[in-house]
Amino acid sequence: MPKPPPQAVSKPVAVPQPALPAKPQMSELEVLIRARYPLVYVISWEEQRVLHQVTQIGAKLNKSVFEWSINTGLVPAGTNLQAQKQRDAATEDPLVALGNVIDHVEPALYVFKDFHPFLKCQNMSVVRRLREVASSLKNTYKTIVIVSPMLEMPPELEKDITIIDFDLPRANDFTLLLQRIVEEVKGNPKLKVNINGQMKEQIVHALLGLTLAEAENVLAKTLVQHYGFGPESLEVINAEKRQIIRKSGLLEYYDTDENMSSVGGLDSLKSWLLKRSVAFSDRAREYGLPAPKGVLLLGVQGCGKSLMAKTVSNIWNLPLLRFDVGRVFGSLVGSSEQNIRRAIQVAESVAPVVFWIDEIDKAFRGSRGSGASTDAGTSARVFSTFLTWMSEKKSPVFVIATANDISALPPELLRKGRFDEIFFVDLPTSGERQDVFRVHLSKRKMDPAKFDLETLARTADGYSGAEIEEAIISSMFDAFYDKQELTSERLLSSLHQTVPLSRTMKEDIDALRQWAAGRAHPATSPDAGQEGQGQRRLEI
Ligand SMILES: Nc1ncnc2c1ncn2[C@@H]1O[C@H](COP(=O)(O)OP(=O)(O)OP(=O)(O)O)[C@@H](O)[C@H]1O
Ligand SMILES: [Mg+2]
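The model shown is predicted, which means the values in this text are computed figures rather than measured ones.

What to know about the confidence of the model for the protein chain
(1) Moving on: Looking at the protein chain, pLDDT values average 84 and 87% of them are 70 or higher.
(2) Moving on: Below a pLDDT of 50 lies the segment residues 1–23, which in the model reaches 36 contacts outside its immediate sequence neighbourhood of four places, other chains included.

In structure tokens form, the structure reads like this:
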């Protein structure tokens, strides 16, 4: 048989044949089918993978499998469109199809594709019929599996339908996919697909986080662009993956070169993080250490919370996924629920990973919002999805969240078990301020030893790290304009001209400190202060 030319592989490759090995443990779907749940709603973009899994379960349990779509009606699963002899056009009507399900006597599984529009428009006769199906199927060996990328759930059906997420493909699925594609094109002299085990592993690892169809397209693209698989494939896959992940609306791969030395002070927090830098290794698992769940950094504005979150991925050498929680309820993004589920799925499939949720308080404020754009029911479901995940997650996804408004945070989020630790990031102490000056002067190619750091730190009492950085930048502008070197005097006069936020927001900061006392772990150790044993004065 002639091998396809290189261009031919850009077409989506057929869905994997039923050669996939059975999962070592029972899938959630199988458990529900065995437990005779009548209606299961699978949220997934991967119709074919779901159908494939249902077919496998059907074979195992000796049940016939049927599929339904608005174009084909109810037909035996896997029936070729052209060869559909038993096609009953009347079953294209969902009510007729559901009626047929009730009337079937044999044990069977029914996969309904793209059924959500009938639930979305509150088609009352379909909703009613589904409720009847649910009660009639309870004592039979039949299950309906609705598969759809969106969750549409009329309240009438909430008690009758069980919702599950379908996991994204695992490394094993991608290995099989890669093998199959290599098999298909290896005879083509234009393509170089002979790759070693290590390269294969790297490609498979890079594909994690994608659906099978997305992975197929990306692999086809690398073949067309580079005539084979090799190190360039990794670049193509990673670039494509970034785009696909960004398209999900809420997640973004975040590149940063910040590291521990970019942060002044915060010694307790740093040492907590350093101690956990090996926490995701196999050695730590063997030793019996659980993977850290996450940390909440709470504190005063501009004191390094976001900065610290960015450094963690570099300290631990893990990728950083930024989760834009502020957009969960944004009108720019589609359905909030399916987006948060996809974000969680992506994070889990690329784990180990650092999952950064910046300004989590803003999202919670939004969810309580009075705005017409937010719907209380959806917000509550989105947050319960998130909170349940936080407390139950087993995958090595380390959540690092930052916040500065404690009143916006619901108590459930702060309850034990969600985060390993809550750190309070206060205004920098005198010693820390010296450190911050050092960090930012060196960052701008100046020698900190040439500055009177002690006086500068004393004068900057009540200033945040961000304000110190601002003062340095603004006096650098002045010095550059005057064609002079930056001096301590210039820095001092710049500091004198600014009123730190800590003065205008004294009450807020006091309230935050009061809340944090006893509830949160200080990010700075008591002896790191030098001045008044770590005590900070707000007024100079
Ligand atoms: N401890 C610090 N060491 C070095 N730089 C700092 C420190 N704190 C703040 N900065 C500087 O200020 C900038 C802003 O800080 P960052 O965004 O981390 O503040 P934040 O605590 O997240 O504030 P917010 O609550 O307003 O989000 C940082 O990018 C960094 O340049
Ligand atoms: Mg921040």
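Brief notes about the sheet that holds strand E8 (residues 294–299)
(1) Moving on: Reading across the sheet, the 7 strands line up as E7-E9-E10-E11-E8-E12-E13 and stay open at both edges, with mixed pairing between neighbours. Looking at the sheet topology across the chains shown, the edges are occupied by strand E7 (251–253) and strand E13 (521–522).
(2) Moving on: Where strand E9 (residues 320–323) and strand E10 (residues 353–357) come together, 4 bridges link them in parallel fashion. Note on E10: the bridge partner recorded for Leu-320 is Val-354.

Details of the site of ligand 1
(1) Moving on: In the vicinity of ligand 1 lie 18 residues, with Gly-304, Lys-305, Ser-306, Gly-465 and Ala-466 positioned nearest.
(2) Moving on: Residue assignment for the shell around ligand 1 shows that the elements contributing at least two residues are helix H12 (305–316), helix H17 (430–443) and helix H19 (465–481).
(3) Moving on: Across the shell around ligand 1, the residue classes break down as 7 nonpolar, 9 polar and 2 charged.
(4) Moving on: Two domains each put at least three residues into the shell around ligand 1: domain 3 (260–424) and domain 4 (430–534).

Observations concerning helix H8 (residues 212–226)
(1) Moving on: In a regular helix each residue adds 1.5 Å, so 15 residues correspond to 21 Å; H8 covers 21 Å between its end C-alpha atoms and thus fits that length.
(2) Moving on: All buried positions along H8 are accounted for by Leu-212, Ala-215, Glu-216, Val-218, Leu-219, Ala-220, Thr-222 and Leu-223.
(3) Moving on: One or two positions beyond H8, positive phi appears at Tyr-227, with a value near 50 degrees.

Digging into the packing of H17 against H19
(1) Moving on: At a minimum axis distance of 10 Å, the contact between H17 and H19 shows a crossing angle of 45 degrees. Looking at the two axes, H17 sits oblique to H19. Handedness of the H17/H19 crossing: right-handed. Counting all contacts with H17, which are made through Arg-433, Val-436, Phe-437, His-440 and Leu-441, the residues of H19 involved are Gly-465, Ile-468, Glu-469 and Ile-472.
(2) Moving on: Residues of the contact of H17 with H19, tallied by class, amount to 5 nonpolar, 2 polar and 2 charged.

Parameters at a glance
- Residues numbered from 1 in each chain as written.
- Chains lettered and ligands numbered in written order.
- Predicted model: local features only at pLDDT ≥ 70, side-chain atom pairs only at ≥ 80, totals over all residues.
- pLDDT = per-residue confidence, 0-100.
- Contact = placed C-beta atoms within 7 Å.
- Pairing = 2+ DSSP bridges.
- Helix = DSSP H or I, 4+ residues; strand = E, 2+ residues; numbered from the N terminus.
- Near = placed C-beta within 6 Å.
- Nonpolar A, V, L, I, M, F, W, Y, C, P; charged D, E, K, R; others polar.
- Domains from an automatic or database assignment.
- Expected span 1.5 Å × (residues − 1).
- Buried ≥ 20, exposed ≤ 12 C-beta atoms within 10 Å, placed from the backbone.
- Axes fitted to C-alpha atoms, helices over the stretch in contact; angles between N-to-C directions.
- Parallel < 35°, antiparallel > 145°, perpendicular 65-115°, else oblique.
- Left-handed = near helix turned anticlockwise from the far one by under 90°.

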